[in-house]
Each structure stands twice: as structure tokens, then as C-alpha cells.
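Architecture and fold: a report
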Amino acid sequence: MTSHTVDLNADLGEGFGVWTLGDDDAMLDIVTSANVACGFHAGDPAGLLRVCHAAAAHGVRIGAQVGYRDLAGFGRRFIDVDAPDLTADLMYQIGALSALAQAAGTAVTYVKPHGALYNTIVTHEAQARAVAEAVYTVDPELPVLGLSGSAFFAAAQELGVRTVSEVFADRAYRPDGQLVSRRDPGAVLHDTDEIADRVLTMVTEGRVTAVDGTSIPVNAESVCVHGDSPGAVHIAAAARARLAEHGITPAPFR
């Protein structure tokens, strides 16, 4: 039986005003790291402060989930923003969430890009560099979550920013290791048992089956379980349980 740990992360704090998305409290009972929105793609200050307090109470680590300035599109639309503007936008977001986290008695301990920005900087070198520079400028000790082999990781590593490779429990993969676009059929998985099985395979064997049936390598230092998908809490709990059955304990990445 395998015996080690793996980080479980989820996107939280994505409601806005009277509009709620996902069950943040339930997810905080499951995950070890919370990617908390910073107000640009989702989230409002009062709601984000509540999430920071809740994460602190659950002993869950907080990461700044930075994104494009795109509330209407939930940060899932590419924006051709100039690199200096993007860097400043992300520094602003990290700083704002850091203040809220500090007020809640905790701190921002890593950064993860959101949505379209996350996918764009897999290959877009200028924006990848802009994101890496934002993190480095705010705090060069902050790790970043992302896809291994990405332009973002290359830029971060060049600056000396630590990179943490993550895999996605409920997202389909292309043969090149990138995620299938949400615009394409089958991009998001919903079968709980299937998701739990693939999480176990990714963590224990370092591989996942792509949409064309090929087996591709992955590096699962952290597993993302989406909090806004239908049945998200049930899916996340099933993935955690399947890992536990094989001696794998959820714990923040080190």
C-alpha cells in the first residue's frame, strides 16, 4: 500500500453579493489548500473576508487566485492586456487578498492563476512572464500552482519562484498535456467513481488518459477539485476517500 501525502486544492470565494457559487464551508472540510478569488474574476470583499476566516478556522492554507479583470465573463475569456498592466493587476489582487487574510489571522501562502489566464500562460510567453513577475515582485518566496511544462513555469523558474505542479480531478486532458477547452464537449467530467479512480492513478502512477485514449505523464504535487461543478462536494469527498483507501493523506504541499 502506498503511504504518502498530496495536496487537495479548490477554488473558493467565487460568489458576488447575493449570488452564491459552490459550498465553500463544505469544501473546506475536504481540501488542504483554498484558491481564494481576489475580486477581479469573482468575489466581493466582505465575502472574501468570510472565506479567509473560515479557511483559518479549518486550518486550510490560502492561495491568491488571480485572474483577468472580467467579472462578467467569470475570468474565462482571454484578454489581450499589455504585460505591465497585467503585472500591476495581479500585484493589486495579491495585495488585496493578503490584507483580508491577515485580518482573518492567516496569510496568503501561494498564488494560482484562474480560468482563461491559467490556460493562456501555458503557451503565451509575454503574459506568462508578466504573471511570474507579479508574484516575484510581491514576494519571491510565494510558490505558484500551475501546469508543469508551461511557459509560466519556465518564467517563474527563471526568476527563482518555486513552482508546484497540479493536476485536475474533473477536467479532460489533451494529448499535449493541456486541458480541453470548456467550450468543447466532455471538457468537464461528472462521474464520481471515474474521477476518484483517475485521481488515484494520477497521484500514484503519474499518468492520466487523454481524450484520444493515450496515456500521458503528469506530476501531481497538488490535485484541483473544482468547487463550482455540479456535485462538486460529493466528487471532492469521493476523491479524498479513494486516496485514503490507498494510504494517501491529504496535506498541504511543502
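Residues numbered from 1 in each chain as written. Predicted model: local features only at pLDDT ≥ 70, side-chain atom pairs only at ≥ 80, totals over all residues. Heavy atoms only, no water.

Inclusion rule: UniProt positions are given in the numbering used here, feature names are shortened, and annotations may be inferred rather than shown by experiment.
For the protein, the name recorded in an unreviewed UniProt entry is 5-oxoprolinase subunit A, with Mycolicibacterium frederiksbergense as its organism. Of the comments in the UniProt record for the protein, the one headed Function (unreviewed entry) reads "Catalyzes the cleavage of 5-oxoproline to form L-glutamate coupled to the hydrolysis of ATP to ADP and inorganic phosphate."

A word on the overall build of the protein
For the record, the criterion: Helix numbering and strand numbering both begin at the N terminus, where a helix is a DSSP run of H or I of at least 4 residues and a strand a DSSP run of E of at least 2. For the radius of gyration, the atoms used are the C-alpha atoms, and the globule rule reads 2.2 Å times the number of residues raised to 0.38. Think of it in three bands: with a 1.4 Å probe and only protein chains considered, a residue is buried below 20% of the maximum accessible area for its type, exposed above 50%, and partly exposed in between. By definition in these notes, contact holds between two residues if any of their heavy atoms fall within 4.5 Å. Here the accessible surface of atoms and residues is derived via Shrake-Rupley with a 1.4 Å probe, and residues count as covered only by protein chains that are part of the display.
Helix and strand counts for the protein come out as eight helices and ten strands. The C-alpha atoms of the protein give a radius of gyration of 17 Å, which matches the 18 Å a tight globule of 254 residues would have. When its C-alpha atoms are laid out on the principal axes, the protein stretches across 45 × 40 × 35 Å. For the protein, the proportion of its 254 residues judged to be buried stands at 54%. Nonlocal contacts in the protein, meaning residues at least 24 apart in sequence, comprise 73% of its contacts between residues at least 6 apart. When the accessible surface of the protein is totalled, it reaches about 10,700 Å², and 52% of it is carbon and sulfur.

Quick look at the packing of aromatic side chains
The cut-off we apply is this: Each Phe, Tyr or Trp ring, with Trp reduced to its six-membered ring, pairs with another whose centre is within 6.5 Å; inter-plane angles below 30 degrees give stacked pairs, above 60 give edge-to-face pairs, and intermediate values give tilted ones. Here, a charge over a ring means that NZ of Lys or CZ of Arg falls within 6 Å of the ring centre while also lying within 35 degrees of the ring normal.
Scanning all chains against the criterion turns up five aromatic pairs. Both rings, one in phenylalanine 40 and one in tyrosine 92, keep their centres 5.8 Å apart while their planes meet at 40°; by these two values the pair is tilted. With a gap of 52 residues between them, phenylalanine 40 in the loop between strand E2 (33-37) and helix H2 (45-58) and tyrosine 92 in helix H3 (residues 83-103) connect regions that are remote in the sequence. By relative accessible area, which is 10% here, phenylalanine 40 ends up buried. Plain terms: the ring middles of tyrosine 118 and phenylalanine 168 are 5.5 Å apart, the flat faces sit at 90° to each other, and that makes the pair edge-to-face. In this pair, tyrosine 118 sits in helix H4 (residues 115-120) while phenylalanine 168 sits in strand E6 (residues 163-168), placing the two residues 50 residues apart along the sequence. Taken individually, tyrosine 118 and phenylalanine 168 each receive the classification buried, so the pair is uniform in this respect. For the cation-ring pair, arginine 61 lies above phenylalanine 253, with the distance from its terminal atom to the ring centre recorded as 3.8 Å.

Let's talk about helix H6 (residues 151-159)
Turning to H6, its buried residues are Ala151, Phe152, Phe153, Ala155 and Ala156. Trailing H6 by a residue or two, glycine 160 shows a phi angle of about 90°, which is positive.

Here we look at unusual backbone geometry
Even without a glycine there, the phi angle at phenylalanine 74 is positive, about 55°. In this fold, phenylalanine 74 is placed in the loop between strand E3 (61-66) and H3.

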